[in-house]
Amino acid sequence: MERRGVKVDRDYLAGLSKTFSEEIAKLEERIYEAACGPFTIGSPQQLGDVLYGRLGLKGGRKGKSGHYSTDVNELERLASEGVDCARLVLDWRQLTKLRSTYTDALQAVINPETGRVHTSFSLTGAQTGRLSSNDPNLQNIPIRTELGRKIRDAFVAEPGYVLMSADYSQIELRIAAHMADVPQLKEAFREGADIHNITAEELFGSVDRENRNKAKTVNFAILYGVSAWGLASRMGVPKDEGSAIIARYFERFPGIRHYIDETLQFVRQHGYTKTLFGRKTHFYPNIRSPNPSIRGGAERAAINAPIQGTSADLIKRAMARMDDALSDAGLDGVRMLLQVHDELVFEVPDGREEEAAEVVRRVMATAAEPALKLDVPLDVEVGWGEHWGAAH
DNA sequence: TATCGACGCCAC
DNA sequence: AAACGTGGCGTCGATA
């Protein structure tokens, strides 16, 4: 079997590491200045003691160890209250994270002979049927921040090829719309409408940027079985408002409420959930635990498992068919390299991009067939470029 | 030196 | 009672 892998630009990563290191050194000086002395910034315990002890700030304890929490929420709060040190530590955390987990770690695992990185995919890595990736994990390469996105540019195609990325668009919300039988959402997906705008209109009666962002948060949170408390905290609104938004959501989309109720009833009785293709995920005995924390966690996972699991089934069906489909189209030179839950990454010979995109799109979009007829189309966004960052 | 829990944070 | 699902992996600090 041919050994596949993705080519990584070592010199580029080395340059990023150096740039990050210079910034980190500057930040450390400024943090020590603001904190009235040196300490181990990377130690949450020490950082908590500095902030709430030496600097005398107000905050709460958390965790089993009884130390102060210094996570991003706490530091953002302090930063907004004018604590310069908190902002500096957040910047320091971002840079050290990128350097240690990505720019340094990836350089260390480049195969010297191939110039490629060879991850391992576990087919049983996740309860829901998703794959997992390890050694190194290539399913958590940064993309959300401008700085993090630079890491993606290190993943390149070999000369004469481009990297092609194919993403399922909103696949979990599409599956939820189908499984929960929500007319407005199914129609929106059929018409290619913006799903978060539809939800914003239903929830708030109008669409602007702020409402759309709130609706987006709600759409995803609902799939995870969020509580009023959790949603309110996530959206930065009072608990009453979170509770009202959830009530309104269920009023507008009663199918979602039905789905949740039916799923919980089934899993409590049988101890497992099923995807649309019939694959089971087991939740016994946690689903009947007398411990509310354990039981509540199992319930939220059970609400999510059929949706996340069906998505996993779909992309695996597409992957199983992909090489033959490419070969049948005379595209043997196309290599499927990575899977990132709703995305496939390929290396495609120059000049064959349009042909490859057509095959990839078709195989992914028809992955449910012939076993299932979905009420919503599966939309696939395809792009390509010299590196992964440019393929989106 | 190796391992582990806690904490924190990257992705979908 | 806890409070948003699925993962992997970095550092710190305690322990063997």
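In what follows, the structure referred to is the one given above.
Reference entry: report on the structure contained in this document. (Residues numbered from 1 in each chain as written. Chains lettered and ligands numbered in written order. Predicted model: local features only at pLDDT ≥ 70, side-chain atom pairs only at ≥ 80, totals over all residues. Heavy atoms only, no water.)

1. Things to note about the overall build of chain A
Across its full length, chain A carries 14 helices and 11 strands. Taking 2.2 N^0.38 as the reference for a compact globule, 392 residues should give roughly 21 Å; the C-alpha atoms of chain A span a radius of gyration of 24 Å, in line with that estimate. Summarising its shape, the C-alpha atoms of chain A cover approximately 65 × 55 × 45 Å along the three principal directions. Look at the contacts in chain A between residues 6 or more apart in sequence, and 62% of them connect residues 24 or more apart. As displayed, chain A offers around 19800 Å² of accessible surface, 48% of which is attributable to carbon and sulfur atoms. Here chain A holds 50 positive side-chain charges and 55 negative ones, and the gap between their average locations is 7 Å. (Helix = DSSP H or I, 4+ residues; strand = E, 2+ residues; numbered from the N terminus. Rg over C-alpha atoms; globule rule 2.2 N^0.38 Å. Contact = heavy atoms within 4.5 Å. Areas by Shrake-Rupley, 256 points an atom, 1.4 Å probe, with all protein chains shown as cover. Lys, Arg positive; Asp, Glu negative; His and termini not counted. Charge placed at Lys NZ, Arg CZ, Asp CG, Glu CD.)

2. Considering the nonpolar core
Ranked by internal contacts, the top residues of the largest apolar core, which has 66 residues, are Tyr-168, Ile-256, Met-322, Phe-346 and Met-364. For this core, the leading source of residues is helix α13 (residues 292-328), giving 11 residues. Aside from chain neighbours lying at most four places away, what touches Met-322 is Met-336, Leu-344, Phe-346, Val-360, Val-363 and Met-364. Core analysis: the second largest hydrophobic core is formed by 44 residues, Leu-95, Tyr-102, Leu-106 and Leu-338 among them. (Core = buried A, V, L, I, M, F, W, Y, C linked by side-chain atoms within 4.5 Å. Buried < 20%, exposed > 50% of the residue type's maximum accessible area, 1.4 Å probe, protein only.)

3. Observations regarding the protein's contact with DNA strand B
Close contacts around DNA strand B come from 22 residues, with Ser-65, Thr-70, Arg-130, Ile-143 and Arg-144 the closest. Here, DNA strand B places atoms within 4 Å of the protein, and 84% of those atoms are sugar or phosphate. Within the backbone of Ile-143, one N or O atom sits 2.7 Å away from a phosphate oxygen of DNA strand B. Val-340 places a polar main-chain atom, nitrogen or oxygen, 3.4 Å from a sugar or linking oxygen of DNA strand B. Broken down by element, the residue count for the surface near DNA strand B peaks at three residues, all from helix α4 (residues 84-108). Split into classes, the residues belonging to the surface near DNA strand B amount to seven nonpolar, seven polar and eight charged. (Near = heavy atom within 4 Å. Polar contact = N/O pair within 3.5 Å; in protein donor to acceptor, adjacent residues only side chain to side chain. Nonpolar A, V, L, I, M, F, W, Y, C, P; charged D, E, K, R; others polar.)

4. Topic: the sheet that holds strand β9 (residues 335-339)
Spatial ordering of the open sheet is given by β9-β10-β6-β11, a layout of four strands whose pairing is antiparallel. The two strands at the open ends of the sheet, each matched to only one other strand, are β9 and β11 (380-385). With direction set aside, neighbouring strand axes in the sheet form an average angle of 25 degrees. Pairing analysis gives four bridges linking β9 to strand β10 (residues 343-349), with the strands arranged antiparallel. Note that in β10 the partner of Gln-339 across the bridge is Leu-344. Where α13 meets the sheet, it contacts β6 (161-168), β9 and β10, and its direction lies at approximately 15 degrees from that of β10. (Pairing = 2+ DSSP bridges. Axes fitted to C-alpha atoms, helices over the stretch in contact; angles between N-to-C directions.)

5. Observations concerning the packing of aromatic side chains
Throughout the structure, instances matching the rule amount to six aromatic pairs. An angle of 70 degrees between the planes, with centres 6.2 Å apart, marks the rings of Tyr-32 and Phe-39 as edge-to-face. One aromatic cluster is present, formed by Tyr-249, Phe-250 and Phe-253 through successive ring pairs. The ring centre of Phe-204 lies 5.8 Å from the NZ or CZ of Lys-214, which sits over that ring. Here Lys-280 stacks its cationic end above the ring of Tyr-272, 4.5 Å away from the centre of that ring. (Phe/Tyr/Trp six-rings, centres within 6.5 Å; stacked < 30°, edge-to-face > 60°. Lys NZ or Arg CZ within 6 Å of the ring centre and 35° of its normal.)

These values are about where atoms sit, not about what they do.
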